[in-house]
Amino acid sequence: MFRQRGALTVITPLLMLLVILLGVMALDGARLFSLRKDMQSQVNAAATAAASLTQSCASLSGSRSLPEMTTVAENVARQSGWDGEGVFRVKTGVVSGTDGVLGFNESDLIQANAVAVNYKRDVKVSSLLPDQFGMIEMTASAAARKEVLATVSAAGSTTVVGGGLDQATVLNSLLGALFNGGSPYSFSPTALNQLSDVTIRLGDLLDDVGVGSVVNGLPVDADALATTLAGVLDATSPAGQLADDLLDTAVGLDGISIEQVLQLAEDGSAVSEDASIPVYDLLISIAMNVLEGTSVMLDDIAVNIPGLAEVDASIEIFNAPAVVVAPARQNLDNEWIGHVETADVAVQIGALIDTDVTPLGTGVRVRLELPIEIQTGRGEADLVRANCAAGRENEVTFGLVGTSGVASLSGAADINAQLQLLGIPITLAGLRLNLDVPIGQNSFDVNTAPMELNAPVPESMVVGGGLELSGISEADISVEGSAEAEDFRCGLICSVVNGLLTPIVAILDGVIESALVGLLTDILDAVIDPLLSALGLDLGVVNIEVSGATQGQVTLLNDLPPGLFDD
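Sequence order as written defines residue numbering, which begins from 1 separately in each chain. At least 70 in pLDDT is required for a residue's local features to be given in this predicted model, at least 80 for side-chain atom pairs to be given and counted, and no such filter applies to totals for whole chains, interfaces and linings, which use all residues. Derived side-chain values reflect all non-hydrogen atoms in the structure, with water molecules and hydrogen atoms excluded from consideration.

Chemist: Just checking my understanding: could you explain the state of the cysteines for this structure?
Modeler: Put plainly, a disulfide is one covalent bond tying together the sulfur atoms of two cysteines. Put simply, a disulfide is two cysteine sulfurs that come within 2.5 Å. By the definition in use, this model includes one disulfide. Two residues share a disulfide in this structure: cysteine 57 and cysteine 388, whose sulfurs sit 1.9 Å from each other. Its S-S torsion of about -135 degrees marks the bond between cysteine 57 and cysteine 388 as left-handed, since a negative value means left-handed. With cysteine 57 in helix α2 (residues 55-58) and cysteine 388 in the loop between β15 (380-387) and β16 (395-421), this residue pair connects regions lying 331 residues apart in the sequence. Only protein chains enter the calculation, and the probe is 1.4 Å; a residue is then buried if its accessible area is under 20% of its type maximum, exposed if over 50%, and partly exposed in between. In this structure cysteine 57 comes out as buried when scored by relative accessible area, which is 4%. In this structure cysteine 388 comes out as buried when scored by relative accessible area, which is 12%. A helix here means a DSSP run of H or I that spans at least four residues, while a strand means a run of E at least two residues long, and both kinds are numbered starting from the N terminus.

Chemist: Help me understand the packing of aromatic side chains in this model?
Modeler: Between two aromatic rings, the relevant description is the distance of the centres plus the angle of the planes. Classification of ring pairs rests on two measures: the distance between centres of Phe, Tyr or Trp rings, Trp counted by its six-membered ring, which must be within 6.5 Å, and the angle between planes, read as stacked under 30 degrees, edge-to-face over 60 and tilted in between. Applying the stated criterion to the full structure yields three aromatic pairs. Taking 4.8 Å as the distance between ring centres and 75 degrees as the angle between the ring planes, the aromatic pair formed by tryptophan 82 and phenylalanine 88 counts as edge-to-face. Across the pair, exposure class does not vary: tryptophan 82 and phenylalanine 88 are buried alike. When the centroid spacing of 6.1 Å and the interplanar angle of 80 degrees are considered together, the rings of tryptophan 82 and tyrosine 119 count as edge-to-face. In this pair, tryptophan 82 is assigned in the loop between α3 (66-79) and β1 (87-98) and tyrosine 119 in strand β3 (residues 114-124), connecting sequence segments 37 residues apart. Of the two residues, tryptophan 82 and tyrosine 119, neither departs from the other in class, the shared state being buried. What links up through ring pairs into an aromatic cluster is the set Trp82, Phe88 and Tyr119.

Chemist: Whenever I open this one, helix α8 (residues 238-249) confuses me. Can you help?
Modeler: Every α-helix winds through 3.6 residues per turn, so residues three or four apart in the chain are directed the same way. Taking 1.5 Å of rise per residue, the twelve residues of α8 would be expected to cover 16 Å, and the 16 Å separating its terminal C-alpha atoms lies within 8% of that figure. What α8 keeps buried is the set Pro238, Ala239, Gly240, Leu242, Ala243 and Leu246. Expected helix span is computed as 1.5 Å times (number of residues minus one).

Chemist: Before we go on, may I ask you to explain the pattern of salt bridges in this structure?
Modeler: What makes a salt bridge here is a side-chain nitrogen of Lys or Arg within 4 Å of a carboxyl oxygen of Asp or Glu, nothing more. For the structure shown, the criterion picks out ten salt bridges. Its salt-bridge partner being arginine 329, residue glutamate 147 comes within 3.0 Å of it at the nearest N-O pair. Here glutamate 147, found in the loop between β4 (135-145) and β5 (148-155), pairs with arginine 329, found in the loop between β11 (323-326) and β12 (339-341); they are 182 residues apart in sequence, far enough to count as distant. Judged by relative accessible area, which is 7%, glutamate 147 ranks as buried. Salt-bridge contacts for aspartate 356 lead to arginine 365; the nearest nitrogen and oxygen are separated by 3.0 Å. Its relative accessible area of 51% is what places aspartate 356 among the exposed residues. Each of Asp354, Asp356, Arg365 and Arg367 takes part in salt bridges that share partners, so that together they form one network.

Written out as structure tokens, the structure reads:
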């Protein structure tokens with residue numbers, strides 16, 4: 001029994017020491033757990049703040065850099081209780097995924113919609129026994145996505161495919177080719193005014209059977225889209241009537257994919273069902289896709305110019321447009337996601353020229369069928385800048401750059417020249433006329449006015465202009481080839497005929513060039529300029545409309561790829 005009492009005397013201090021050590025460990029464990037929680041809270045706040053400086057959210061305020069983002073992250077962390085110990089590191093990237101499973105992938109700043117922040121520091125394992133337990137490294141990481149998306153569309157030289165709302169000559173001619181067997185459609189200025197400002201919520205376009213993302217919920221083709229539009233629009237409104245006409249009389253709708261009409265960004269962007277989509281642009285895009293490659297003849301082209309035997313004109317759709325919902329950043333292929341191209345028309349002039357020129361006192365009759373194409377205002381625009389809404393401010397702003405495209409006038413035709421020498425008819429062939437008049441190109445860099453999120457007033461910006469057809473010179477015309485006389489009979493006087501023909505052939509190309517400069521200038525003044533004016537087409541003009549702006553909540557991720565900050 002005495003031996004047992006001695007054993008308790010030895011064990012009791014050991015048990016007390018063990019209890020103290022366990023208590024110290026519990027306190028240190030609670031301290032480390034609390035510190036880890038504080039670090040995660042600080043890094044979450046830092047990532048959220050730094051995400052406001054990404055390309056898709058703050059590029060309108062100037063270029064950003066990783067050091068600037070790091071400074072912002074550290075300042076916000078201090079406000080959240082950071083004591084200055086440890087190191088913050090920042091990487092830009094894209095948060096993307098499907099069906100709610102999101103991940104962070106590192107990217108260049110110009111492609112980024114998110115920022116990942118890593119906070120690393122060395123911490124004493126025990127505050128009471130620091131020398132005995134040493135140090136450990138603790139880290140916390142988070143990524144935050146923040147971006148605003150714009151709904152952007154563009155028309156070429158024609159806001160309503162034919163000038164202002166008071167002049168819809170081209171629009172009515174094109175739609176007439178679809179609906180009225182060639183007779184012009186009857187869109188009135190009042191109807192166009194009503195239609196131009198109509199937008200529809202993206203969620204109202206979603207297919208009932210669609211699942212997954214907003215993009216996957218869209219109708220699969222233009223026929224289904226037109227059906228959906230007809231179902232949600234007032235049938236008595238101009239928009240509803242146009243949708244019904246597309247369904248009733250237009251063919252080929254089921255061959256047009258939805259991506260040709262409406263493009264929604266999927267490169268890590270969360271497209272909201274509340275995005276506003278311009279109805280006019282959707283309907284006209286559908287119509288233009290059906291008409292792409294189709295020529296529509298224009299009536300009443302009458303002009304009296306010596307040497308111009310006949311003239312006709314037509315318009316043709318090319319490069320049908322699409323409505324785009326996208327952020328202001330590039331994808332991984334270094335292409336701007338918010339890229340829009342103009343819908344435009346080419347004007348085709350068919351001129352039958354039959355005129356006389358007189359080299360060396362010998363009459364030469366020149367005949368050619370010259371097709372002249374005028375390209376007007378085709379261009380493109382990229383959404384390259386944006387400022388997100390922040391704090392109590394509910395306004396966003398966007399910036400776009402682009403070009404109006406190269407407006408030009410061109411044509412080419414074989415020349416048929418006929419003359420008589422000593423009563424012998426001779427036909428000269430082998431010459432070809434080339435007409436190339438580069439009119440120019442406009443570039444632009446514009447910003448929208450501040451726009452209210454989810455309820456913006458559509459902003460239409462007309463950029464470019466000032467390009468004019470100022471005349472044709474010999475520099476715009478070239479005659480190529482070598483004139484050769486086709487077979488002719490000259491009998492005993494062949495040597496005389498050939499002697500006269502040789503100098504005529506030698507100077508024929510220059511003579512034809514000089515003669516056609518004046519004639520083509522007359523055609524320009526009397527046919528092309530008045531026709532463009534009547535159609536309401538302005539060279540080098542692009543109309544850009546930003547009709548919607550949506551910005552979701554900040555997306556925060558704590559599960560980042562292993563090794564992201566190992567370098």
